[in-house]
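Structure at a glance
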Amino acid sequence: MYQSNMNDVLKANTLTCEKKESIIKTARQLFYTYGYDEIETAIFEPYDLYSSVDGMILQDDMVKVIGPSGKVLVLRPDVTIPVARLVTKHVGHNEKIKRYFYIMDVFRQAANRVLAHKQIGVELFGDDSTESDTEVLALAYELLANLPVTHFTIEVGHAGFVQQILEETNLPYSERQLLKQYIQSKNKTDLQTFLIEHQVSQPLQRVILQIVDLYGPPGHVIERARTLSLNKEMNQAIDHLERMHQLLDLYGMTENIVFNLGLINHMDYYSDVIFQGFIARVGEPVLMGGRYDTLTEKIGIMIPAVGFGCDIQLLIDGLKKEQHTINRQEDIVIYYTPTRIREAYQLMRQLRHRSKRVLINHKEINVTHSARAIYLQEQHITVFNGREKRVYPNIDSFLTQYQL
Ligand SMILES: N[C@@H](Cc1c[nH]c[nH+]1)C(=O)O
């Protein structure tokens, strides 16, 4: 019993690794076709990078360590910030667009546990156009579409739209953060109590309560949002989203898109469009992203930037059950009588060079244990494939005649 449980644990572990690899392979291939290059940053980073800028990552969430010179370091708590820092340090204002992707671990701590999440993501620097926003959103869309998940949705919102409303309330920063949480959770009762308690004006209360319902098919949401818009900036945000939707149509990617103007990302650095990706069977966003033009200014020089990050473990959790058998080859097991040991090793090397999974069995000759086996006997070789059995005079004839 214990033995079989152990086996299940080991099998599940291997399977997770295979799924991770397969997701990474899909992502790499996709990012390549969009013209993105891979980038990597250090695991240990100066604590100051994160503590010096307001509203980035909560100090308590970061995993801190003391470096050799006594300096406080953190384990990379986010990827966007260090990638943006690297890029802003090495490019000028007027350089051409830079496109990067990454596969990196992110470390956070919560409830006295250190959590490491592998993230795949992209960042596009040096272009503030709607076309760039749409390119990154399309990439996120195609990534989810290329994975074996039953269903996915991408919710698109606008940080600037929500920000404008928050500013209209004139509440202090900490209260605005709270208000954001209420909008995000879409709990109208709590939201209303909060607005009344904080003496937000009646007309503004009405707008905020309706924002929560600005969710659904893009055309419909845009139409309703226009009736709620309070100023020029909010109108521009709506125009921007409308144009993105038109461009997404050119990509052929509108089907799984939902607009959600009450959408709020957990990172505070977004300035314009934001989005979150959801897949069936996973109760939280697997992907988050958006435009963060003001962040680059805080940590280097002002370069417009947009990107997204995707949590690989969450993706794995949502992969279809039938995906459990990832295209894995059956092992080929080579058996040999002692006099043919040299040829057995030679054959093993030849097959591995042809990318076959090959094991060599030195212990016992029991071909019935393997679905695919090659037995090097004194006078000939016998090849077993399931129920099929064929005999060849030598290795060369086998290699030329047999379709492996
Ligand atoms: N770094 C963000 C995702 C992101 C990448 N680029 C822009 N946003 C996160 O962890 O949620």
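Predicted model only: the values in this text are computed from it and were never measured. (Residues numbered from 1 in each chain as written. Predicted model: local features only at pLDDT ≥ 70, side-chain atom pairs only at ≥ 80, totals over all residues. Heavy atoms only, no water.)

A word on the environment of I97
As for its placement among the helices and strands, I97 is situated in the loop between α3 (80-90) and β5 (98-110). Through-space distance from the C-alpha of I97 to that of L75 is 29 Å; in sequence the pair is 22 residues apart. The residues touching I97, leaving out its near neighbours within four places in the chain, are L124, F125, G126 and D127. (Helix = DSSP H or I, 4+ residues; strand = E, 2+ residues; numbered from the N terminus. Contact = heavy atoms within 4.5 Å.)

Topic: the pairing of β5
For strand β1 (residues 37-38) and β5, the ladder comprises two bridges, and the chain directions are parallel. For E38, the partnering residue across the bridge sits in β5 and is F101. Two strands pair when backbone bridges link them, and β5 and strand β6 (residues 113-125) are joined in this way by 13 bridges, in the antiparallel orientation. Note on β6: the bridge partner recorded for I103 is I120. (Pairing = 2+ DSSP bridges.)

As for unusual backbone geometry
Located in the positive-phi region is A111, a residue other than glycine, with phi close to 45°. Looking at where A111 falls in the secondary structure, it is placed in the loop between β5 and β6. For Q199, which is not glycine, the phi torsion reads 50° and is therefore positive. For Q199, the position within the fold is in the loop between α7 (188-197) and α8 (202-211). For Q199, a relative accessible area of 72% gives the class exposed. (Buried < 20%, exposed > 50% of the residue type's maximum accessible area, 1.4 Å probe, protein only.)

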